Amino acid sequence: MENHIIAGMAGESSIATTGAGPEQEQMRNIGDHATMVKWQRFSVPFAYPVAFTRNLFALDNPLLFEMLAMRERDKRHRCLVYLDEGVVTAQPDLPNRVRCYFDAHARHIELVDWVVVPGGEDIKLHPGHVMAMLKAIHRLGIDRHAYVIAIGGGAVLDAVGFAAATAHRGVRHLRVPTTVLSQNDSGVGVKNAINTHGVKNFTGTFAPPWAVLNDFDFLDTLPQRERVAGIAEAIKVALIRDGDFYRWLEANVQALARFDRPAEEVMVRRSAELHMHQIAYGGDPFELGSARPLDFGHWSAHKLEALTHHEVHHGEAVAIGIALDARYSALAGLLPEPEAQRIVELLDSLGLATFHPQLLATGPSGELALLAGLQEFREHLGGELTVTLLSGIGQGIEVHDIDMALMAQAIDWLSEREACHALAQ
């Protein structure tokens, strides 16, 4: 490689870049100081399958075995399995089905151990759960060519994924989402985290999974509350990315409300596809910038979860966040009023709440406590506030300023609407 140094006058800066390789050099003269900067450049392609099936642990269903062995067919793959306590309660035979599956394919896969862990936000609120996972990974000799498998809802996937991503700087992690929300949104993505310092998802990593295996049968034993709440994430992604999908949701709202299997499967698959497309083609899969369109409705949702001590679950909070930001979009002149009305009516039709009393809670100075969520969101984004709002059905728009008085009006509108509904009943 030939170096070309461009000399400058004292106090001037000159740069010459040489070489075509990944480690390009820059030669600088800054004042009296000559400096060489070598640029290291490389890219790492990520690819992982997201599959949809039923009866994943049926002995004649080869999907799990094939995903574990897809790159090393002749190896016996060691696996540590974590099971969501809520799923095991709903399906007491699940641990035995998992054992039998591994026994049936023992030539190629080995169940090193299985562990039942708390489901819901509890597993993300207490770091001791992750520390116990790390100890188990160490004790059982789970290396970077073995697998940590998580079977559960989004919180369990988050916590187990965080442990897998940090053990040995990353061991292979396979997700089996068991809720609507985790199958159509969080489970197919590249993020994992736990809640620390009183902030949701403060401690975590970006770590693409080895594979995501969605088994629709798990949805049949899901509590109705969680099954409905997960639809909120499908509404969210439809509103910002796919107007046709949103109109499909409206047309099929009754089928979705009664958990009609074909409609539910279409909803989950399309939502997952849209989330995957945004991650792959949105230009910022690891969220290095400040725009996060997939967090539409989430700045207030995360704060509401904290204000209610997670009495309001994530999908429910997202539904309220969608209603709030849709109304604000209309008040700000971004979204036609009839479109905002359509959105809250769709949420109503599914039985999703669009208001909670904590929206009106105030802080020490009398300000709305919820609005502090904007500052927390800004910090989470990296310094610049970027909130996704709506300019139309299927059309997200990024804004960097929020009119607090106008947002307070949007909250009041939701409160008044709730009061009217209560009187009508």
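Everything below is about the structure shown above.
Residues numbered from 1 in each chain as written. Predicted model: local features only at pLDDT ≥ 70, side-chain atom pairs only at ≥ 80, totals over all residues. Heavy atoms only, no water.

1. Some words on the layout of surface pockets
Phase 1: Considered as a void within the structure, the second largest pocket measures approximately 510 Å³ in volume.
Phase 2: Lining the second largest pocket are 22 residues, with Phe46, Val171, Arg172, Pro208 and Pro209 sitting closest to its centre. (1 Å grid on protein atoms, 1.4 Å probe; cavity = no way out; pocket = protein on both sides within 12 Å on 5 of 7 lines; lining within 4 Å. Points joined across faces, edges and corners; volume = space filled by probe spheres on them.)

2. Notes on a nonpolar patch on the surface
Phase 1: The grouping of Phe42, Val44 and Phe46 at the surface amounts to a nonpolar patch, some 370 Å² of accessible area in total.
Phase 2: Here Phe46 lies in the loop between strand S3 (33-38) and strand S4 (50-53). (Patch = residues over 30% accessible without salt bridge, like charges linked within 9 Å, V, L, I, M, F, W, Y side chains within 5 Å. Areas by Shrake-Rupley, 256 points an atom, 1.4 Å probe, with all protein chains shown as cover. Salt bridge = Lys/Arg side-chain N within 4 Å of Asp/Glu carboxyl O. Helix = DSSP H or I, 4+ residues; strand = E, 2+ residues; numbered from the N terminus.)

3. A look at the nonpolar core
The nonpolar side chains of soluble globular proteins are, as a tendency, buried together.
Phase 1: Grouped together as the largest cluster of nonpolar side chains are 71 residues, with contacts concentrated most on Ile235, Leu239, Met267, Trp299, Ile343, Val387 and Ile402.
Phase 2: Ranked by residue count, the leading element in this core is helix H14 (residues 314-331), at 10 residues.
Phase 3: Excluding its chain neighbours within four sequence positions, the residues that come into contact with Leu239 are Tyr246, Phe296, Ile322, Ile343, Leu390, Gly392, Ile393, Gly394, Gln395 and Gly396.
Phase 4: Grouped together as the second largest cluster of nonpolar side chains are 28 residues, Phe57, Phe65, Val87 and Phe218 included. (Core = buried A, V, L, I, M, F, W, Y, C linked by side-chain atoms within 4.5 Å. Buried < 20%, exposed > 50% of the residue type's maximum accessible area, 1.4 Å probe, protein only. Contact = heavy atoms within 4.5 Å.)

4. Thoughts on the packing of aromatic side chains
Phase 1: Within this structure, the stated rule accounts for six aromatic pairs.
Phase 2: By the ring-pair criterion, three or more aromatic residues cluster together here, those being Phe46, Phe206 and Phe286. (Phe/Tyr/Trp six-rings, centres within 6.5 Å; stacked < 30°, edge-to-face > 60°.)

5. Quick notes on unusual backbone geometry
Excluding glycine, residues mostly carry a negative phi; peptide bonds, for their part, are mostly trans.
Phase 1: The backbone of Arg169 sits at a positive phi, close to 60 degrees, despite the residue not being glycine.
Phase 2: Tracing the backbone through its elements, the reader meets Arg169 in the loop between helix H6 (154-166) and strand S8 (172-177).
Phase 3: For Arg169, a relative accessible area of 78% translates into the label exposed.
Phase 4: Although it is not a glycine, His309 adopts a positive phi angle of roughly 55 degrees.
Phase 5: Looking at the element boundaries, His309 is found in the loop between helix H13 (298-307) and H14.
Phase 6: His309 gets classed as exposed once you look at its relative accessible area, which sits at 71%.

6. Side note on the sheet that holds S8
Phase 1: What the six strands build is an open sheet, ordered S4-S11-S8-S7-S5-S6; its pairing is parallel. Whereas interior strands pair on both sides, the edge strands pair on one side only; in this sheet they are S4 and strand S6 (109-117). The mean angle between the axes of side-by-side strands here comes to 20 degrees, regardless of whether they run parallel or antiparallel.
Phase 2: Where strand S5 (residues 77-84) and S6 come together, eight bridges link them in parallel fashion. Bridging from a neighbouring strand, Cys79 pairs with Leu111 of S6.
Phase 3: The strands touched by helix H3 (residues 94-104) are S5, S6 and strand S7 (147-152); relative to S6, the strand with the most contacts, the crossing angle is about 170 degrees. (Pairing = 2+ DSSP bridges. Axes fitted to C-alpha atoms, helices over the stretch in contact; angles between N-to-C directions.)

7. Things to note about the environment of Ile393
Phase 1: Secondary-structure assignment places Ile393 in the loop between strand S12 (387-392) and strand S13 (395-399).
Phase 2: With residues near it in sequence (within four places) discarded, Ile393 still touches Leu239, Gly243, Tyr246, Arg247, Leu335, Glu339, Arg342 and Ile343.

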